[in-house]
Amino acid sequence: MKWNFENKIAIITGGASGIGKQIAKDMVESGASVAIFDLDATQGEKTLQELQGLTENKVRFFQGSVADKEFVDSAVSEVFKEMGEVDFLINCAGILRDFMIHRFDEKKWDLTLEVNLKGVAVVSQAVVTQWISISKAKAAEKGEKYLPVLENPPRVIVNIASMAADGNMGQMAYSASKAGVVGMTLTMAKELNRYNIRAHALKPTLIETPIIGDLLQKNDGKFRNMYESKIPFGIGKTKYVSDPVCFLCSEGGYFMNGCIIPINGGKLDGL
Ligand SMILES: NC(=O)c1ccc[n+]([C@@H]2O[C@H](COP(=O)([O-])OP(=O)(O)OC[C@H]3O[C@@H](n4cnc5c(N)ncnc54)[C@H](O)[C@@H]3O)[C@@H](O)[C@H]2O)c1
């Protein structure tokens, strides 16, 4: 699906692989300039080359962790200075470290919360701070404290949470991190309304990407069959997440804020 993102600029975390890469590709093909923030240097460079081969638009890759505030603040201010005012922030970087409560693993817990929850907060604060200071500078030129809402350009944050936010066997840390993302998204939506900034979270079910490792190959493919039969519309493809993200960023999503949207493949009882 093609969208009209001419002259739009997006920051996509986790954009080197999987769902984030698909979003980056769809946005670039629809006219946007894209800055990818990702920890994985090799995959990031590879994705950068692929995207640059598709388009004349600007595509940049910034290597670092979304949980590293110093890296994030500096990369975000470089994007605003060199690429222009960002329109969309897609928080997609994430990791999976599974364990059950009675096998609590403090290192896995800390890392999961650090990347999946703190990472979303750190990148969002950096981008939102830029947006608010642009808005306040324009208001000050008019001798006002705030601009009227609709004099700010419409801006969108989409956070990739998970169906695991509703609880999932073996995903103690992951589900806590994603439930946190849902709560944080609703808070952002309420706080940022006055700046014409929308915040949404998507909750995908199982999507076939590198994050799930060899899950679908296990047991001679029996796991694949099990998931195919558990999810009415089958195992998810990255497109099924990217299209709703693009819709929320498009003019069609203009009147929506604070939406928590299940991407459930027809499965209505959790993961
Ligand atoms: N695949 C699924 O079944 C599924 C389901 C629900 C939600 N999600 C969520 O979707 C998002 C994207 O996952 P994916 O499935 O595309 O997996 P993926 O592994 O293909 O992509 C995740 C990306 O995040 C990057 N990343 C990891 N830690 C980082 C850090 N500290 N800083 C910056 N980048 C970092 C990785 O290098 C990778 O490029 C994640 O937040 C994941 O939790 C995935």
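For the structure, check the block above.
Residues numbered from 1 in each chain as written. Predicted model: local features only at pLDDT ≥ 70, side-chain atom pairs only at ≥ 80, totals over all residues.

## Focus: the overall build of the protein chain
Line of reasoning, step 1. When helices and strands are counted, the protein chain shows seven helices and seven strands.
Line of reasoning, step 2. Tracing the protein chain from N to C terminus, the helices and strands come up as β-α-β-α-β-α-β-α-β-α-β-α-α-β.
Line of reasoning, step 3. For 271 residues, the compact-globule estimate of 2.2 N^0.38 gives 18 Å, and the protein chain sits close to it at 18 Å.
Line of reasoning, step 4. Dimensions of the protein chain along its principal axes, counting C-alpha atoms only, are 65 × 40 × 35 Å.
Line of reasoning, step 5. Looking at the protein chain residue by residue over its 271 residues, the buried ones come to 43%. (Helix = DSSP H or I, 4+ residues; strand = E, 2+ residues; numbered from the N terminus. Rg over C-alpha atoms; globule rule 2.2 N^0.38 Å. Buried ≥ 20, exposed ≤ 12 C-beta atoms within 10 Å, placed from the backbone.)

## Here we look at helix α5 (residues 172-192)
Line of reasoning, step 1. Look at α5: 30 Å from first C-alpha to last across 21 residues, which is about the 30 Å you get at 1.5 Å a residue.
Line of reasoning, step 2. Buried positions along α5 lie against α4 (106-141), β5 (155-160), β6 (197-204) and β7 (260-263). (Expected span 1.5 Å × (residues − 1). Contact = placed C-beta atoms within 7 Å.)

## Considering the site of the ligand
Line of reasoning, step 1. In the vicinity of the ligand, 30 residues are found, and the nearest of them are G14, G18, G94, T209 and I211.
Line of reasoning, step 2. Counting residues per element, the ones that place at least two in the shell around the ligand are α1 (18-29), β2 (33-38) and α4.
Line of reasoning, step 3. The element contributing the most residues to the shell around the ligand is α1, with three residues. (Near = placed C-beta within 6 Å.)

## Notes on the sheet that holds strand β4 (residues 88-91)
Backbone hydrogen bonds are what pair the strands of a sheet, in a parallel or an antiparallel way.
Line of reasoning, step 1. Read from one edge to the other, the open sheet built from seven strands follows the order β3-β2-β1-β4-β5-β6-β7, with strand pairing classed as parallel. Taken across any chain shown, the strands that pair with only one partner, and hence form the sheet edges, are β3 (59-63) and β7. If you compare each strand with its neighbour and ignore which way they point, the axes differ by 15 degrees on average.
Line of reasoning, step 2. Across the sheet, α1 lies against β1 (9-13), β2, β3, β4 and β5, angled at about 170 degrees from β1, the strand it touches most.
Line of reasoning, step 3. Together, β4, β5, β6 and β7 form the strand contacts of helix α7 (residues 239-249), whose direction differs from that of β5 by roughly 155 degrees. (Pairing = 2+ DSSP bridges. Axes fitted to C-alpha atoms, helices over the stretch in contact; angles between N-to-C directions.)

## Observations regarding the environment of D26
Line of reasoning, step 1. Examined against the element boundaries, D26 turns out to sit in helix α1.
Line of reasoning, step 2. C-alpha separation for the pair D26 and Y195, spaced 169 residues apart in sequence, amounts to 27 Å.
Line of reasoning, step 3. Not counting the four nearest positions on each side in its chain, D26 is found in contact with S242 and C246.

## Observations regarding the nonpolar core
Line of reasoning, step 1. Of all hydrophobic cores here, the largest spans 72 residues; its most connected members are A10 and V34.
Line of reasoning, step 2. Broken down by element, the residue count for this core peaks at nine residues, all from α4.
Line of reasoning, step 3. Setting aside residues no more than four positions away along its own chain, A10 makes contact with M27, A32, V34, V86, D87, F88 and I90. (Core = buried A, V, L, I, M, F, W, Y, C linked by C-beta atoms within 7 Å.)

## Some words on the pairing of β4
Line of reasoning, step 1. Here β4 shows two buried faces, one formed by F88 and I90 and the other by L89 and N91.
Line of reasoning, step 2. Note that β1 and β4 share four bridges and pair parallel. Bridge pairing in β4 links A10 to F88.
Line of reasoning, step 3. Two strands pair when backbone bridges link them, and β4 and β5 are joined in this way by four bridges, in the parallel orientation. Pairing of N91 across the sheet is with N159, part of β5.
Line of reasoning, step 4. Read as a crossover between parallel neighbours, the route from β4 over α4 to β5 is right-handed. (Right-handed = clockwise from strand over helix to strand, strands pointing away.)

## Looking at the packing of α4 against α5
Line of reasoning, step 1. Interaxial distance between α4 and α5 falls to 8 Å at its minimum, and their mutual angle equals 15 degrees. Between α4 and α5, the angle is such that the two are roughly parallel. Viewed along their axes, α4 and α5 form a crossing whose handedness is right-handed. Contacts between α4 and α5 involve K108, W109, T112, L113, N116, L117, V120, A121, S124 and V128 from the first element and A173, Y174, A176, S177, K178, G180, V181, M184, M188 and L192 from the second. (Parallel < 35°, antiparallel > 145°, perpendicular 65-115°, else oblique. Left-handed = near helix turned anticlockwise from the far one by under 90°.)

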